[in-house]
Amino acid sequence: MPTGAPVTAYVTAPRAAAPDLADRLVDARLAACVNVVPCTSTYRWDDAVHEDEESILLAKTTADRYPDLVDRVVEWHPHDVPCVERIDAADAHDPFVAWCDDAVSE
């Protein structure tokens, strides 16, 4: 029986750092799966507008494991203020929910 509702952590990271971050999250059982998608980010930092080639990481996890995932992303991420946002899955496919729960169980 699943212990936590499925959630997706939306994380952006420099392209060079993204594969390692994805591997570490899955290896630590903080994410069942991480999709890495290339993107261009335009943002304001230190009163200047920047544009960087980055990756979006969509890390599938559970509500129970999400706080630990955030802690590790903050620890392992190369930026001082990493983008980490939570997307709750209100209507996920039941077999996917069970798989995700099993994959991140300690």
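The coordinates are above.
Read on for an overview of the structure. Just so we're clear, the structure is a prediction, and the values are computed from it rather than from any experiment.

Within the protein, the regular secondary structure consists of three helices and four strands. Each helix (α) and strand (β) of the protein, taken in turn from the N terminus, gives the series β-α-β-β-α-β-α. By the compact-globule yardstick of 13 Å for 106 residues, the protein fits well, its C-alpha radius of gyration being 14 Å. By its C-alpha atoms, the protein is 50 × 25 × 20 Å across when sized along the principal axes. A total of 106 residues make up the protein; the buried ones form 36% of that total. In the protein, once contacts between residues fewer than 6 apart in sequence are set aside, the share between residues at least 24 apart is 72%. When the accessible surface of the protein is summed, it comes to about 6300 Å², and 51% of that surface belongs to carbon and sulfur atoms. Mean positive and mean negative side-chain charge positions of the protein (8 and 21 charges, respectively) differ by 2 Å.

As a further point, take the packing of helix H1 (residues 18-27) against helix H2 (residues 66-76). Between H1 and H2, whose axes approach to 11 Å, the crossing angle comes to 145°. Handedness of the crossing formed by H1 with H2: right-handed. When H1 is examined against H2, the residues Leu21, Arg24 and Leu25 are found in contact with a partner set consisting of Leu69, Arg72, Val73 and Trp76. Broken down by class, the residue content of the contact of H1 with H2 amounts to five nonpolar, no polar and two charged.

As a further point, take the nonpolar core. In terms of nonpolar packing, the biggest core is built from 17 residues, with Leu25, Val34, Leu57 and Leu69 touching the most fellow members. Elements with a contribution of two residues or more to this core: strand S1 (6-14), H1, strand S3 (48-62) and H2. Those residues in contact with Val34 that sit more than four places away from it in its chain are Ala22, Leu25, Val26, Leu57, Leu58 and Ala59.

Quick notes on the rules
Residues numbered from 1 in each chain as written. Predicted model: local features only at pLDDT ≥ 70, side-chain atom pairs only at ≥ 80, totals over all residues. Heavy atoms only, no water. Helix = DSSP H or I, 4+ residues; strand = E, 2+ residues; numbered from the N terminus. Rg over C-alpha atoms; globule rule 2.2 N^0.38 Å. Buried < 20%, exposed > 50% of the residue type's maximum accessible area, 1.4 Å probe, protein only. Contact = heavy atoms within 4.5 Å. Areas by Shrake-Rupley, 256 points an atom, 1.4 Å probe, with all protein chains shown as cover. Lys, Arg positive; Asp, Glu negative; His and termini not counted. Charge placed at Lys NZ, Arg CZ, Asp CG, Glu CD. Axes fitted to C-alpha atoms, helices over the stretch in contact; angles between N-to-C directions. Left-handed = near helix turned anticlockwise from the far one by under 90°. Nonpolar A, V, L, I, M, F, W, Y, C, P; charged D, E, K, R; others polar. Core = buried A, V, L, I, M, F, W, Y, C linked by side-chain atoms within 4.5 Å.

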